[in-house]
Structure formats: structure tokens, C-alpha cells
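What follows is the residue order along each chain.
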Amino acid sequence: MNKISFNTNYLVINAVNAIKKKNYLEAKNLLEKALSINSELFEANYNLAILNFQLGNIDNSIVYFEKSKKLKPKSTQVCFNLALAYDRLNRLDLAIINFKKAVKLEPINELAFYNIGLMYRKKLDIIKAEKYFKKTLYINQNYIPAYDELFGLYEASNQLDKYNHLLDEAKKILSNQNLLKFYSAISYYHKKNYHEVVKIMENLELNKDYFHQNLTRHSFLAKSYDRIKNFDKAYYHFKKNNELVNNYYGKNIDEKIFINYVEKRLEFFKDINLKNWKQFQIKNQSIEPTFLIGFPRSGTTLLDTILRTNSTVEVIEEKPILRNFLIELEKTTKSDFNHLGRLSEEYILEMRKFYFNERSKYQKNEKANLVIDKMPLNIIHIGEILRFFPKAKFIFALRNPYDCVLSCFVQQFTLNPAMKNFLTIESSAFLYDLVMNLWKVYNKKFSINCHFIKYEDTVKNFENTTKDLFKYLELNWTEEAKNFFMNARKRIDISTPSHSQVISPLYTGSLDRWKNYEKEFEKVKKLLDPWVNEFNF
């Protein structure tokens, strides 16, 4: 061993010891010093990759993982961890490439197969996700996470025959009777045997390590008690479910970030004088976007599904089109809304083009005559939208504020600063009031080309209500619209929590559901009653 090798090995060993003692800065300095001596040292590159990953410096970790991969291209561990890093940045295609490389190097790597399945599920490629979860079980027929994902996939996509077939197979293999009872209870729920669900779930003793199943247990108990009209117990389990979600997923998520985000817009736009904005005659205003907006759980997915019955329409469902647009806009405005009034005509045209380019990334039907950007909470960005698209169309989905808030509370969302506000009825109602106040300001300050459509009207007077919507969008209404739920059943890529509702015919049981939980709304009546009157419910 020469002197250089000795020095670099000594530095790496000391760095590893520093990591064990959580002296991360010292470890980083030692590893970087080793690389300054020999940039091709695998151990230094790989440990720096791991260290940066653990510290949340994902971009840096990828740089070192990629270098490690060049140095040891046949290392399963490097490819696997590089894939995890790409997944953390939501670069799913690159994650899949590296997980597949790990599988090629180690064909019985069940964890790599499982993660490929997870990546495809995130991409809403249900067929490929199913394929890789099945491959995981082929390697290890007792791998519980793969069962859980497959059961969840079949349930979410309404493939209940496959769910029950998997359950029959699992009963032959799995020794964990409590887990089998858990999966069986969900099957009973979809067979509408709610009393059996309650009987099983109430007496179920799941290992504390099965957090997801324990969480889901409360969700199905809540929904089943709701169905059998035991609303006190239903509310208890909805609340318990949300408390567990918050404890497990919500600790590092600050819901006030989103509240402040909305309040900032409310404060600015309520005092704005649009006469101070530079105005331009934009050519080709006939090419304007259409947005489907509303407070979450107001029926936007139902409208999406109805509109899809017209073959000339494409609805892009909850993709970050406008978010990416706003990130690009932020480079110019620097969080100062006053800059919106000073934008040049050239910049406005450039940003219009940027939006349409972003939208095209998610379009599947290039021949569609009408493309609708569906993201309910884009309602808070109407001010920015109208600055660039003054003739944009908005479909505003409305629902009784009480039912809307209840539905947000009982629905389990993936947590982020916005969705975390739905963990209690009080915080849900507060956000509803805040968002609608912002809408009221926009409506006062701007001339908005908007069509209002109430969920209740759609349920009670489907034909006339949907005909008015189609007329607004200059679309032909056909009898096919009545069979929207049949089309929805053919889709297995519905990415919103409303999947189970839109694959069934409309029913009036969802109207005034909040009255079953009326006592829980006493503290928020002063927030919601004004909007009941405002929107004529």
C-alpha cells in the first residue's frame, strides 16, 4: 500500500467513525479531503453520497452516487440507493432505470422489484405496478408490503374480482390471521356488508408495526359506522384516523404555510387598483385555457368524469401545470405581487407560451378541441391567471359548505401544507372561509368568465344542469353524459380520492350528509352560514 492509499483510507475510516458519532460536518470534511487526494476513490464518493442523502442534500447525493456508479457499475447497492435519491426528487423515470439495473444485477432482489412497482403506481401506470408487485411475491410469497400494495391497487381501481382472488391466494400462504381478517373486512365493505366490517375491525389486534393497516382500520370502521347510521362512533373513528395521520405523517408539515400563502393574496388583491396595471391587446385570445376549480370535495372529479364523455374534451387531472408556471413567474416577481402590474407584453406572451408548453406535457389526446386544467385549489391563483389569460374560462364547482367541509374532514388526503388543514372540522371550515373570501375579492376586482355549477343541482337535475355546462363550453351534449359512471369504470388511473364515487350512478345520500354530524359543527357555524347564504344553498 503506497502512502497516498494509506492517507485516503485513513481519512475514510475516520469519516465513517464520525458518521457513527453523528459528527456529520467532520465526516463531510474528511471525505472531501480524501477526494481532493484521489477523486476516483469509490469509498469516499459512496459515503459522501449516503451522507448527503441522509442530510437531505439530494442533488449532491446524486452527483456522488452517479460517480460511484461509474467506479463500480456492477454494485447493486449503488444502483438501488441512486434510485431512491431520484425517487426523492420525483424523477421517477430515472428511479425506475436504476431500480431495474439493480434487478438485472441481482435478479432475486425483492426490494428492488417492490420499489419498481411503487414507482409505476406513482406514475399511475397500474398495469406495470401490478406486474412488479406480483414479481415481488413470486420471489418472496410472504412479503407483506407487496400484498398491501396489490390489495390497495385493486381496491382503488375497483378491480374487486382481482382483490378477492388475491385474498384467496393469501389465505393459502400467509400465517398472519389478523392481516387476513383485515383484508377480508375490506372485501366485506365493498360487498356492502358493513356490520361484518365492524365485527371484524373492532376485534382486530394488529401489530403496532403495521401502521398503515391500523390507520386504514379506523377509516373503514368510520365509513362502516356511517353506513349503518351510528354517527357518534363514525365520527370517533374519523377523528382517530386523522389524529394518527397527523402523528405519523404531519409532524414536519406546517399547515400555516398554506394559510399564509392564501392570506398574502387576500391582502394584496383586496386593495389593488387594476388601472395601474399595464394593459396589452393579446393576439390569439381565442386560444385561452379553461380551468376547473372549486374547494376540494365540491364535485370536481364528478364534473371531470361527465365532461370526458365528450370525445373532443381532454381533462388533465390534478397535474402541476400551473404550479410550474408560478415557479417560473416567481423568478421575475420575487414574491412581490406589485410586479404583476409592470410586466412587459413580451414577457406576458413568453409566459403564455410557457403555460401551454407545460400543459402539453400531460396531454394524451393531441386532437382534443378543448383541454381543461383541473386542479380545485387553483381558485386561489385566479389573480395570476387573469394577468396572463384575461379571457380564460373557469368552471366553478360548488357544494353546500357544510357538506364540503365534512367531506374534506372524512377523506384521507396525502398530507401537504394545504391538505393538513383538513384534519379537523374547525381548520377545514377556517380554510373554506379564507379561500371563499379570496374568491369574493377576485370576483369584485376582475371580470371573470365563470360558470357556476352546484353538486346538488347535478344530482337532482342532472340533464338540465349538465346541458348548461356543455353549452357554456360550446360542446354538444349527448345521452352518453348520463352514463359517465360506465366510462369511469373503464379507467383505472383516476388519481383523486373520489374514485369510488364517480364509478357509481348518482344518489341523493351524499346531500345534507353533514346533518348527521350537526353537533360537531357548532363552533364553525359563524364561518359557514354566510357562505350558505352567499351561494344560495
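The structure presented is a predicted model; accordingly, all values stated were derived computationally and were not measured.

This part takes up the overall build of the protein. When its secondary structure is counted, the protein shows 26 helices and 5 strands. Taken against the 2.2 N^0.38 rule, which gives 24 Å for 537 residues, the C-alpha radius of gyration of the protein at 26 Å falls within 12% of a compact globule. Counting only C-alpha atoms and orienting by the principal axes, one finds that the protein spans roughly 85 × 65 × 45 Å. Across the 537 residues in the protein, those meeting the buried criterion constitute 52%.

This paragraph deals with the pattern of salt bridges. If you walk through the whole model with that rule in mind, you get 25 salt bridges. Taking the shortest distance from any N to any O, the salt bridge between arginine 121 and glutamate 149 comes out at 2.9 Å. With arginine 121 in helix 7 (residues 110-122) and glutamate 149 in helix 9 (residues 144-156), this residue pair connects regions lying 28 residues apart in the sequence. We note a salt bridge from aspartate 232 to lysine 519, for which the minimum N-O separation is 3.1 Å. Pair noted here: aspartate 232 is in helix 14 (residues 231-249) and lysine 519 is in the loop between helix 25 (499-502) and helix 26 (525-534), with a separation of 287 residues, a long-range link. Accessibility expressed as a relative area gives 56% for lysine 519, which makes it exposed. Each of Glu463, Lys467, Glu479 and Lys482 takes part in salt bridges that share partners, so that together they form one network.

Before going further, it helps to examine the sheet that holds strand 4 (residues 393-398). Strand-to-strand pairing in sheets goes through backbone hydrogen bonds, with the strands running parallel or antiparallel. Taken in spatial order, the 5 strands of this open sheet run 2-3-1-4-5, and their pairing is parallel. Across the chains shown, the open sheet's two edge strands, defined by having one partner strand only, are strand 2 (313-317) and strand 5 (449-454). Across the sheet, the mean angle from the axis of one strand to that of its neighbour is 25 degrees, orientation sign disregarded. Here strand 4 pairs with strand 5 via 6 bridges, running parallel. Paired with phenylalanine 394 across the two strands is cysteine 450, which belongs to strand 5. Contacts from helix 16 (residues 300-307) reach strand 1 (290-294), strand 2, strand 3 (370-374), strand 4 and strand 5 within the one sheet, and its direction differs from that of strand 2 by about 150 degrees. Against the sheet, helix 23 (residues 462-472) makes contact with strand 4 and strand 5, and its axis sits at roughly 165 degrees relative to strand 5, the strand it touches most.

With that out of the way, let us pick up helix 17 (residues 321-333). Across its 13 residues, helix 17 extends 18 Å between first and last C-alpha, which sits within 8% of the 18 Å expected from 1.5 Å per residue. Residues Ile321, Leu322, Asn324, Phe325, Leu326, Leu329 and Thr333 constitute the buried set of helix 17. On its buried face, helix 17 sits against helix 15 (256-270), strand 2, helix 18 (345-360), strand 3 and helix 19 (382-388). Where helix 17 terminates, the next one or two residues include lysine 334, which has phi positive at roughly 55 degrees.

This next bit is on the nonpolar core. Core analysis: the biggest nonpolar cluster contains 154 residues, and Phe388, Phe394 and Phe521 have the highest contact counts within it. The element contributing the most residues to this core is helix 21 (residues 425-445), with 11 residues. Dropping the residues within four chain positions of it, phenylalanine 388 is found in contact with Ile282, Phe325, Leu329, Leu340, Leu343, Tyr347, Ile348, Met351 and Arg352. Residues Leu292, Leu473, Leu475 and Phe484 belong to the second largest nonpolar core, which totals 25 residues.

As a further point, take the side chain of histidine 218. Tracing the sequence through the fold places histidine 218 in helix 13 (residues 211-227). Take histidine 218: its relative accessible area is 9%, and that puts it in the buried class.

Under the definition given, this model contains 47 aromatic pairs. Ring centres of phenylalanine 268 and phenylalanine 337 lie 5.3 Å apart, and the angle between their planes is 45 degrees; this geometry places the pair in the tilted category. Here phenylalanine 268 is found in helix 15, whereas its partner phenylalanine 337 is found in the loop between helix 17 and helix 18, with 69 residues between them in sequence. There is no split in this pair, since phenylalanine 268 and phenylalanine 337 are both buried. Each residue in the set Phe291, Phe325, Tyr347, Tyr355, Phe356, Phe388, Phe389 and Phe394 is aromatic and connected to the rest through ring pairs, giving one cluster. Here the basic side chain of lysine 223 rests over the ring of phenylalanine 220, its NZ or CZ set 4.1 Å away from the ring centre.

Right, let's talk about a positive patch on the surface for a bit. Residues Lys100, Lys128, Lys131 and Lys135 make up a contiguous surface patch of positive charge. Sort the elements by how many residues they give to the positive patch and helix 8 (residues 126-139) lands first, with 3 residues. In this structure, lysine 131 sits in helix 8. Assessed through its relative accessible area of 43%, lysine 131 is described here as partly exposed.

It is worth spelling out the packing of helix 10 (residues 160-173) against helix 11 (residues 177-190) at this point. The contact between helix 10 and helix 11 brings their axes to 11 Å, and the two run at 155 degrees. With respect to each other, helix 10 and helix 11 are oriented roughly antiparallel. In this structure, helix 10 crosses over helix 11, and the sense of that crossing is left-handed. Taken together, the residues of helix 11 that come into contact with helix 10 (itself represented by Leu160, Tyr163, Asn164, Leu167, Ala170 and Lys171) are Leu180, Tyr183, Ser184, Ile186, Ser187 and His190.

Let us now look at the confidence of the model for the protein. Averaged over the protein, the pLDDT score is 91; the fraction of residues at 70 or greater is 94%. Every residue in residues 497-503 scores below 50 in pLDDT, and together they form 22 contacts with partners more than four places removed in sequence or on other chains.

One way to put it is that helix 7 packs onto helix 9 with a least axis distance of 10 Å and a crossing angle of 25 degrees. In this view, helix 7 runs roughly parallel relative to helix 9, as classed from their interaxial angle. As for how helix 7 packs across helix 9, the hand of that crossing is left-handed. Residues Tyr114, Leu118 and Arg121 of helix 7 form the contact with helix 9, whose own contacting residues are Pro145, Ala146, Glu149, Gly152, Leu153 and Ala156. Considering only residue class, the contact of helix 7 with helix 9 consists of 6 nonpolar, 1 polar and 2 charged.

Structurally, alanine 222 can be placed in helix 13. Alanine 222 has contacts with Ala234, His237 and Phe238, leaving out every residue within four places of it along the chain.

As a further point, take the environment of lysine 223. Locating lysine 223 in the fold gives a position in helix 13. According to the relative accessible area criterion, lysine 223 is partly exposed, its value standing at 26%. Linking lysine 223 and isoleucine 282, residues 59 residues apart in sequence, is a C-alpha distance of 51 Å. When neighbours within four sequence positions are excluded, lysine 223 is seen to be in contact with Tyr189 and Phe238.

So, how was this worked out
- Residues numbered from 1 in each chain as written.
- Predicted model: local features only at pLDDT ≥ 70, side-chain atom pairs only at ≥ 80, totals over all residues.
- Heavy atoms only, no water.
- Helix = DSSP H or I, 4+ residues; strand = E, 2+ residues; numbered from the N terminus.
- Rg over C-alpha atoms; globule rule 2.2 N^0.38 Å.
- Buried < 20%, exposed > 50% of the residue type's maximum accessible area, 1.4 Å probe, protein only.
- Salt bridge = Lys/Arg side-chain N within 4 Å of Asp/Glu carboxyl O.
- Pairing = 2+ DSSP bridges.
- Axes fitted to C-alpha atoms, helices over the stretch in contact; angles between N-to-C directions.
- Contact = heavy atoms within 4.5 Å.
- Expected span 1.5 Å × (residues − 1).
- Core = buried A, V, L, I, M, F, W, Y, C linked by side-chain atoms within 4.5 Å.
- Phe/Tyr/Trp six-rings, centres within 6.5 Å; stacked < 30°, edge-to-face > 60°.
- Lys NZ or Arg CZ within 6 Å of the ring centre and 35° of its normal.
- Patch = residues over 30% accessible without salt bridge, like charges linked within 9 Å, V, L, I, M, F, W, Y side chains within 5 Å.
- Areas by Shrake-Rupley, 256 points an atom, 1.4 Å probe, with all protein chains shown as cover.
- Lys, Arg positive; Asp, Glu negative; His and termini not counted.
- Charge placed at Lys NZ, Arg CZ, Asp CG, Glu CD.
- Parallel < 35°, antiparallel > 145°, perpendicular 65-115°, else oblique.
- Left-handed = near helix turned anticlockwise from the far one by under 90°.
- pLDDT = per-residue confidence, 0-100.
- Nonpolar A, V, L, I, M, F, W, Y, C, P; charged D, E, K, R; others polar.

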